[in-house]
Amino acid sequence: LLSNACKFTSVGKITVEALKTAYKEALGVEAKIVGSPAGCDSRLWKNIAGGEVLLIGPGNLSECHAVNEYVEMDAFYNAILVYAHLILNWAQKYK
């Protein structure tokens, strides 16, 4: 559903924990934390900017950046729910 690929950021980091909490609240199941098989620019943010990187998004990782890539509408809407929970929880914690 929401293939959240945590790459270049340790699983114990607050950002990963916040995402896992938001995912559980929004969808009622535990988030699956995996590395991404697709190419992305996260390495630049980590290696050049020194920031934490979470690569998250809707869809199936096997479809990511593939020919005829697509995202199921349910996965898209569920991702929005997770993002909303993440933003609201983060804002409440750091207001």
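The structure presented is a predicted model; accordingly, all values stated were derived computationally and were not measured. (Residues numbered from 1 in each chain as written. Predicted model: local features only at pLDDT ≥ 70, side-chain atom pairs only at ≥ 80, totals over all residues. Heavy atoms only, no water.)

**Focus: unusual backbone geometry**
Short version of the rule: Secondary structure follows DSSP: runs of H or I at least 4 residues long count as helices, runs of E at least 2 residues long count as strands, and numbering of each begins at the N terminus.
Phi at Asn68 is positive, roughly 60 degrees, even though this residue is not glycine. Topologically, Asn68 is positioned in the loop between helix H2 (42-47) and helix H3 (73-93).

**Looking at the nonpolar core**
Put simply, the rule is: Put simply, a nonpolar core is a bunch of buried Ala, Val, Leu, Ile, Met, Phe, Trp, Tyr and Cys residues held in one set by side-chain atoms that sit within 4.5 Å of each other. Only protein chains enter the calculation, and the probe is 1.4 Å; a residue is then buried if its accessible area is under 20% of its type maximum, exposed if over 50%, and partly exposed in between. Should any heavy atoms of two residues lie within 4.5 Å, those residues are counted as being in contact.
Listed in full, the eight residues of the largest apolar core are Ala18, Leu19, Ala22, Tyr23, Ala26, Ala31, Val82 and Leu86. Of all the secondary structure elements, the ones that give two or more residues to this core are helix H1 (14-27) and H3. The element that contributes the greatest number of residues to this core is H1, accounting for five residues. Aside from chain neighbours lying at most four places away, what touches Ala22 is Val82, His85, Leu86 and Asn89.

**Remarks on H3**
Since one α-helical turn is 3.6 residues long, residues separated by three or four positions face the same way. For clarity, the threshold we go by: To estimate how far a helix should reach, multiply one less than its number of residues by 1.5 Å. In this context, the arc is that of the directions from the helix axis out to the C-beta atoms.
For H3, with 21 residues, the first-to-last C-alpha span of 30 Å sits near the 30 Å given by 1.5 Å per residue. When H3 is considered as a whole, its buried residues turn out to be Ala75, Asn78, Ala79, Val82 and Leu86. Around the axis of H3, the buried residues are gathered within 105 degrees of arc, so they sit on the same side. Exposed positions of H3 whose direction lies more than 90 degrees from the buried face are Ile87, Leu88 and Gln92. Contacts made by the buried residues of H3 are with H1.

**What to know about a nonpolar patch on the surface**
The criterion, for reference: Patch membership needs two things, relative accessible area over 30% and no salt bridge, and members are linked within 9 Å if like-charged or within 5 Å if nonpolar (Val, Leu, Ile, Met, Phe, Trp, Tyr). Accessible surface area values rest on a Shrake-Rupley calculation with a 1.4 Å probe, where residue burial reflects the displayed protein chains alone. We define a salt bridge as a side-chain nitrogen of Lys or Arg found within 4 Å of a carboxyl oxygen belonging to Asp or Glu.
On the surface, Val71, Met73, Phe76, Tyr77 and Ile80 cluster together into a nonpolar patch covering about 460 Å² of accessible area. Mapped onto the elements, Tyr77 comes out in helix H3. Accessibility expressed as a relative area gives 47% for Tyr77, which makes it partly exposed.

**Section: H1**
With 14 residues, H1 extends 20 Å between its outermost C-alpha atoms, agreeing within 8% with the 20 Å of an ideal straight helix rising 1.5 Å per residue. Phi turns positive one or two residues past the end of H1, at Gly28, with a value near 80 degrees.

**Focus on the confidence of the model for the chain**
The following threshold applies: The quantity called pLDDT is the predictor's confidence in a given residue, expressed from 0 to 100.
Considering every residue of the chain, the mean pLDDT works out to 79; 84% of them sit at 70 or more. Element-level pLDDT for the chain is lowest in strand S1 (residues 4-5), with a mean of 42, against a maximum mean of 91 in H3. Here residues 1-8 scores under 50 on pLDDT; set against residues more than four positions off or in separate chains, the count is 44 contacts.

**Let's talk about the environment of Tyr23**
Examined against the element boundaries, Tyr23 turns out to sit in helix H1. With 63 residues separating them in the primary sequence, Tyr23 and Leu86 have C-alpha atoms 7.9 Å apart.

**Side note on the packing of H1 against H3**
Cut-off, in case you're wondering: Interaxial angle, 0 to 180 degrees, is taken between N-to-C directions of lines fitted to C-alpha atoms, where a helix line uses only the stretch in contact. For classification purposes, angles smaller than 35 degrees are called roughly parallel, those larger than 145 roughly antiparallel, those between 65 and 115 roughly perpendicular, and all remaining angles oblique. Crossings are assigned a handedness: left-handed for a near helix turned anticlockwise from the far helix by less than a right angle, right-handed for a clockwise turn.
H3 packs onto H1 with a crossing angle of 125 degrees between their chain directions and a minimal axis gap of 8 Å. In terms of orientation, H1 and H3 fall into the oblique class. The way H1 lies across H3 gives a crossing that is right-handed. Along its contact with H1, which presents Ile14, Thr15, Ala18, Leu19, Thr21, Ala22, Tyr23, Glu25, Ala26 and Leu27, the element H3 presents Asn78, Leu81, Val82, His85, Leu86, Asn89, Trp90 and Lys93.

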